[in-house]
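Here is what each chain is made of, one letter per residue.
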Amino acid sequence: MTPHVVPDPQAGAAVKAADRAHVFHSWSAQGLIDPLAVAGAEGSYFWDYDGNRYLDFTSGLVYTNIGYQHPKVVAAIQEQAAKLATFAPAFAVDVRSEAARLIAERTPGDLDKIFFTNGGAEAVENAVRMARLHTGRHKVLSAFRSYHGATSTAINLTGDPRRWASDTGSAGVVRFWAPFLYRSPFYAETEQQECERALAHLEDTIAFEGPGTIAAIILETIPGTAGIMTPPPGYLTGVREICDKYGIVFVLDEVMAGFGRTGKWFAAEHFDVVPDLMTFAKGVNSGYVPLGGVAISERIAATFETRPYPGGLTYSGHPLACAAAVATIQVMEDEKVVENAARIGETVLGPGLRELAERHPSVGEVRGTGVFWALDLVRNKETREPLVPYNAAGEANAPMAAFGAAAKKNGLWPFVNMNRTHAVPACNVTDDEVKEGLAALDAALTVADEHT
Ligand code: PMP
């Protein structure tokens, strides 16, 4: 595929100059960044004004699950804009009802009521509020090595170093260690040990905090931003049992792992577990228009049958976002996008990454499923010393910066976070695109190898 625009560096320079003058960017020291000026995007690729094209192995921020500019979704948004561009949330609107139905039909178990938000963090905020009101309790347990969003409660719940700068320590958030065998917080040597010790640690945490004070436990089904760490068999069902034992609401955050990313509609299906509340966003409509939400079980929904739910957002269930969701879900069914993600993971991406790990001394571990993979980069495979320290977020990070630059030089836009790179292409990525991405990763890892 070739870029659809004739290179125009002057236009690119103007876009960038205006950006630097007026756009305040997320997570950045404003004076130290140099954002790429994007001229266009289609499918798995985007391109700049200089004629460089990149294979997007980040899916934006892990959300363009059907790639860029899918014509059916673009058309659905245009049609909805012409028909009814907006309408307030307190009304029944056809496209909102349809989006809720399609989502509820795909979420596991009895998660059949949908509260719409504009994104993931708001979904987490509302899930926590629902859990607190449902239980009449205050505390929420969340895992280290997690990401739940950047709003006030969501960032408090987040267990990675990006929290530090804005964490005011909101009352009631208690963090625990979730399982991660490669860097086991429990010094475990097998998956089974890791699972047993993680569950015992969680139950101890509950005992010492006071079970009657805990409203919810929130977990990403497969923690994403923190490293794509698939929990061992039995862990999530074990957490489910602990929640039932103590009357704690179980919240699974599927903002990143949901809507096809892992080769199932929702990652919870891999573990045969049904939470009480499930947050989603990103892949629900591939982010063509901001949308997120909470899928609510019958039990929690019943709390708010006669008692009002004290929460809402002006743009909840926005018709344009819902039209994009209806069209995206339809595309995912028609084009077997979820099946494609599963097949690609099993036959091309997973085996390809494992093959890279064998040849490159900098790759400590490969883990993932579907189109949701992480490479844990190390200085030394034996000691597993990370290539850069864990607190390197936002700090000078020379080895990973060199890795990223090499990937881009080879036409691949990589995800880089601390000592990891994630291979998270669109769920409808093709075999050839994945092979192209693996070749670029191969070249970039050679640069990372220099730091081992
Ligand atoms: N939860 C998870 C698991 C996420 O990965 C993210 C975003 N990366 C969020 C919540 C927050 O979503 P948003 O940025 O849409 O607020």
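Model, not experiment: these values are computed from the prediction.

Visitor: Please give an account of the environment of Glu220 that cites residues and values.
Guide: Looking at the element boundaries, Glu220 is found in strand E7 (residues 214–220). Classification of Glu220 as buried rests on a count of 28 C-beta atoms within 10 Å. Those residues in contact with Glu220, other than ones at most four positions away along the chain, are Ser146, Asp253, Met256 and Ala257.

Visitor: Residue-level account of the nonpolar core, with values.
Guide: Ala216, Ile217, Val249, Val251, Leu277 and Ala324 are the most contacted members of the largest nonpolar core, which has 132 residues in total. Here this core gathers at least three residues from each of two domains, domain 1 (9–66 + 336–449) and domain 2 (71–334). Those residues within four positions of Leu277 in sequence are excluded, and the remaining contacts are Ala127, Met130, Ala131, Val249, Val251, Val294, Ile296, Ser297 and Ile300.

Visitor: Account for the site of the ligand, naming residues and giving values.
Guide: Inspection of the region around the ligand gives 16 residues, with Gly119, Gly120, Ala121, Gly149 and Val255 positioned closest. In terms of residues, the shell around the ligand owes the most to one element, helix H5 (residues 120–135), which gives 3 residues. Of the residues contributing to the shell around the ligand, the split by class is 7 nonpolar, 7 polar and 2 charged.

Visitor: Go over the domain arrangement of the chain, please, and point to the residues and values.
Guide: Here the chain is described as being made up of domain 1 (9–66 + 336–449) and domain 2 (71–334). Taking the mean C-alpha position of each, domain 1 and domain 2 sit 25 Å from one another. Listed by partner, the interface residues are 29 residues for domain 1 and 28 residues for domain 2. Of all the elements in the fold, those that place two or more residues in the side of domain 1 that touches domain 2 are helix H2 (59–62), helix H12 (337–359), strand E11 (363–369), strand E12 (372–380) and strand E16 (420–423). Among the elements that line the side of domain 1 that touches domain 2, the one with the most residues is H12, at 5 residues.

Cut-offs and rules
- Residues numbered from 1 in each chain as written.
- Predicted model: local features only at pLDDT ≥ 70, side-chain atom pairs only at ≥ 80, totals over all residues.
- Helix = DSSP H or I, 4+ residues; strand = E, 2+ residues; numbered from the N terminus.
- Buried ≥ 20, exposed ≤ 12 C-beta atoms within 10 Å, placed from the backbone.
- Contact = placed C-beta atoms within 7 Å.
- Core = buried A, V, L, I, M, F, W, Y, C linked by C-beta atoms within 7 Å.
- Domains from an automatic or database assignment.
- Near = placed C-beta within 6 Å.
- Nonpolar A, V, L, I, M, F, W, Y, C, P; charged D, E, K, R; others polar.

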